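Given next are the chains, with one letter for each unit.
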Amino acid sequence: MAKKTKIQGGSLAIRAIVEDGLDEIQAAATPVNDPNPSLTRDGIKPGQWEGAPWDRMPPGCPFEVLGQAGDVIYVRTATYHLMEVKAIDLQAIMRMCAPFPNYALWAWPGFGTIKDPETGDEAVKVKRLERDKAATCIISEAARRGTFDVQQSVRGRGGWRAAEEFIWHSGEKLWTVEYRVGKNNKAEDFKLVSRPPVQHDGKLYAKAAETLAPWRKPIGVDDTPAQKILQHLTTWQWERPWLDPLIMLGFIGVGFLGGALRKRPIVGLTGGRGRGKSTLIDYVETIFGPLIYSTKNTTAAGIYQNMGQDSRPVLIDEFEAKAGSYKEQGIIELARHSYDGSKLYRGSSDHDGVQFQMYSAFLLSAINLPPLSQQDRSRMAILHLNPLQATGPEPVIQEEWGRMLLRQLMDGWHELQHHLLPAWATLLHEAGYDARAIDTYGTLLAVAELLVGKYGMADIGFEAGDRQWTIDALRAATAVELEEQVEKWQDVMEQLLSTSIDQWKAGERHTVGKILELYEAQVMQLEEARASLAVVGLGLRPAGEPSKGFCLAVPHSSPQLTKIFEQTDYFKGGWSNVLKQAPADIVLRGLDDRYKTMKINRQNKKCLLVDMLAYDRATTPATD
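All values reported here derive from a predicted model rather than from experimental measurement.

Caption draft 1: Structural context of the pairing of strand E3 (residues 82-85). The alternating pattern of E3 places Met 83 and Val 85 on a buried face, while none of Leu 82 and Glu 84, on the opposite face, is buried. As paired strands, strand E2 (residues 72-76) and E3 are joined by four bridges and run antiparallel to one another. Note that in E3 the partner of Arg 76 across the bridge is Leu 82.

Here you go:
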């Protein structure tokens, strides 16, 4: 029987809201302490600090010089923003110091006499800023700090990880949950802590517009809105109603965790008209609120330029396959790199190389997704919506649900890392999933379990408590996806074997695979088979030369093969490099030149030999 949950409310919810208000009141009431620049500060007279005016930075400086890159100096301002400085003029210095302008005047003072209008006495006071001294000090500090790499050193809004700690950057503040580890390595006694965005664990968290702050009170599976969200998700007609809502819920959680996770699975959502896809997109956007980057018509450059260093989730609707359009492939490539946070390099209009990284979870929604390569499919869980059977009222989301989910994920970070992710990795390995599929499905299902627990999963028919049921059900549900995830060398072979040969035999136009079948069945003789294969640049060696079975000879270079692979990842001889990744009993190694060299179309060609008997054994599904 499913365990009933009740979303946190009553006095706890009221106290959480009150704490939000108290923080705002306290922030508004905190005065700016910026004394007259002519006064001493901590016993130090204006401009007389140790190392003045430029051998070191003045004490208590409200801004921090981070370093430089080329002709740009990077500064963390007094308001915790990241500032790029090319010209250090009065305006730039004041922007660094604001709202403490008197500090700059105190540190690099220009003195003058001021007459008292009543007594007529004259006194020496700070009247101006010695801008050149300030500029020299800042430039010298940037040189002392060395090169500052924005991509490597700056983190924007979203979820991040520092050692074992989960950090949430809401824009205005950094948030963490402190806890202690009790029996069975379980976390307990959760306490929410906030601080301004500063440098932490070698990273600068730059201040930006506020997105979402976590809920003030601890949230667990007993008082989470996640169970209600899961029930809402089941009202859509999914192809796998006991699995797909959980994957979508898992994606929502992954979207919050962002850069803290080792992998960020991509979710592809497909469905034609009348299937509620747009309503579902609106539903997900509402949960994330201002956190999400959502668009319908963009490019990869548009995404990473707008996102900057954020790890916020990305949602792209109407991501359709379009004839003659290449921008979708650029976005897919960006999502693939964001999956594991790998670097991308691009040129720019000023001929400088641009390097960037993303740590966002991508949701791509379309009636017909663009073509996906094997490496993209292995990083993506594709969900299909069937036609709605009936229309009803749209599910209602409370404003605070996103914040509650975020707090639940923060409280559950230790549980996710030390228990759920390892457990799902072990189970999926037993189910026969490879490492990439484990990263994709294991992450989504582990996060879903963190949010609703095994009881919540059972509510929609996913018996996570029954290990063998889970293994069998997942194998059956993802059989098509797993069959599509073949090794790259095998993908090359499949493309070769399915290549049509531009000649007719008995009224038929055969493929390479069909020619090999006819030769194996002795319907076609060796020389005839060789002549047919030569049309597409391939060769053939009979049994005993050198292996027990006959071999397909694949040249390292060939105009015909170049044409076959020109629209694939294996163009310009790439097929040869990939085939070398096959097992040694399939693509033979260490052969004499007399075996590796074949005359094809009257040209001697260095070839790789593929033992077709070994290939058939390796690629034939096992039968019970």
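Caption draft 2: Geometry of the packing of helix H2 (residues 90-97) against helix H4 (residues 131-145). Relative to each other, H2 and H4 sit at 60 degrees, their axes nearing to 10 Å. In this view, H2 runs oblique relative to H4, as classed from their interaxial angle. Where H2 crosses over H4, the handedness of that crossing is left-handed. Contacts from Leu 90, Ile 93 and Met 96 in H2 reach Arg 131, Ala 134 and Ile 138 in H4.

Caption draft 3: Spatial organisation of the environment of Ala 213. Position of Ala 213 relative to the elements: it lies in the loop between strand E12 (203-205) and helix H6 (226-233). As for Ala 213 and His 169, which are separated by 44 residues in sequence, their C-alpha atoms are 8.4 Å apart. What Ala 213 contacts, discounting residues up to four positions off in sequence, is Ser 170, Trp 175, Arg 403 and Leu 406.

Caption draft 4: Quick look at the sheet that holds E2. Pairing within the open sheet is antiparallel, and its three strands lie in the order E1-E2-E3. If you trace the sheet from one side to the other, it starts and ends with strand E1 (64-69) and E3, each paired once. When strand polarity is set aside, the average angle formed by the axes of neighbouring strands in this sheet is 25 degrees. The sheet contacts of H2 involve E2 and E3, and relative to E3 the element is tilted by about 165 degrees.

Caption draft 5: Broad picture of the packing of aromatic side chains. Per the counting criterion, the structure on display carries 18 aromatic pairs. Where Trp 49 meets Trp 108, the ring centres are 6.5 Å apart and the plane angle is 90 degrees; that geometry is what we call edge-to-face. Of this pair, Trp 49 sits in the loop between helix H1 (10-29) and E1 while Trp 108 sits in the loop between helix H3 (101-107) and strand E4 (109-115), placing them 59 residues apart in sequence. For the pair Phe 462 and Trp 469, a centre-to-centre distance of 5.7 Å together with 75 degrees between the ring planes defines the contact as edge-to-face.

Caption draft 6: A look at the side chain of Thr 224. When you line up the elements, Thr 224 lands in the loop between E12 and H6. When its relative accessible area of 1% is taken as the criterion, Thr 224 is described as buried. At 2.9 Å, the side chain of Thr 224 forms a polar contact with the backbone nitrogen of Ala 226.

Caption draft 7: Representation of the sheet that holds strand E25 (residues 603-611). Spatially, E22-E23-E25-E24 is the arrangement adopted by the four strands of the open sheet, whose pairing is antiparallel. Looking at which strands have only one partner, the edges of the open sheet turn out to be strand E22 (539-541) and strand E24 (597-600). Looking at each pair of strands side by side, their axes are set apart by 50 degrees on average, direction ignored. Where E24 lies against E25, four bridges are found, and the strand directions are antiparallel. Residue pairing for E25: Ile 600 is matched across the bridge by Gln 603. Where helix H23 (residues 612-619) meets the sheet, it contacts strand E23 (551-555) and E25, and its direction lies at approximately 40 degrees from that of E25.

Caption draft 8: Structural context of H4. Here H4 is 15 residues long and its end C-alpha atoms lie 21 Å apart, about the 21 Å a rise of 1.5 Å per residue gives. Buried positions along H4 lie against E1, E2 and H2. Among the residues trailing H4, Gly 146 stands out with phi positive, at a value near 85 degrees.

Caption draft 9: Focus on the nonpolar core. In terms of nonpolar packing, the biggest core is built from 76 residues, with Met 248 and Phe 256 touching the most fellow members. Broken down by element, the residue count for this core peaks at twelve residues, all from helix H14 (residues 435-459). Ignoring sequence-local partners within four residues, the contact set of Phe 256 consists of Gly 159, Phe 166, Trp 168, Leu 212, Ile 287, Phe 288, Leu 291, Gly 402, Leu 405, Leu 406 and Leu 409.

Caption draft 10: Summary view of the side chain of Ser 360. Counting through the fold element by element, Ser 360 comes out in the loop between strand E17 (354-357) and strand E18 (362-366). One polar contact links the side chain of Ser 360 to the main-chain carbonyl oxygen of Arg 312, over a distance of 2.6 Å. With residues up to four places along the chain from it excluded, the contact list for Ser 360 reads Arg 264, Met 307, Asp 310, Ser 311, Arg 312, Val 314 and Ser 338.

Caption draft 11: Molecular detail of the pattern of salt bridges. Applying the stated criterion across every chain yields a total of 31 salt bridges. A salt bridge links Arg 336 to Asp 376; the shortest N-O distance between them is 2.8 Å. Here Asp 376 lies in helix H11 (residues 374-377) and Arg 336 lies in helix H10 (residues 327-340), a separation of 40 residues in the sequence. Assessed through its relative accessible area of 14%, Arg 336 is described here as buried. The buried category is assigned to Asp 376, whose relative accessible area is 5%. Salt bridges sharing partners connect three or more residues here, namely Glu 64, Arg 76, Glu 141, Arg 144 and Arg 145.

Rules of the game
- Residues numbered from 1 in each chain as written.
- Predicted model: local features only at pLDDT ≥ 70, side-chain atom pairs only at ≥ 80, totals over all residues.
- Heavy atoms only, no water.
- Buried < 20%, exposed > 50% of the residue type's maximum accessible area, 1.4 Å probe, protein only.
- Helix = DSSP H or I, 4+ residues; strand = E, 2+ residues; numbered from the N terminus.
- Pairing = 2+ DSSP bridges.
- Axes fitted to C-alpha atoms, helices over the stretch in contact; angles between N-to-C directions.
- Parallel < 35°, antiparallel > 145°, perpendicular 65-115°, else oblique.
- Left-handed = near helix turned anticlockwise from the far one by under 90°.
- Contact = heavy atoms within 4.5 Å.
- Phe/Tyr/Trp six-rings, centres within 6.5 Å; stacked < 30°, edge-to-face > 60°.
- Polar contact = N/O pair within 3.5 Å; in protein donor to acceptor, adjacent residues only side chain to side chain.
- Expected span 1.5 Å × (residues − 1).
- Core = buried A, V, L, I, M, F, W, Y, C linked by side-chain atoms within 4.5 Å.
- Salt bridge = Lys/Arg side-chain N within 4 Å of Asp/Glu carboxyl O.

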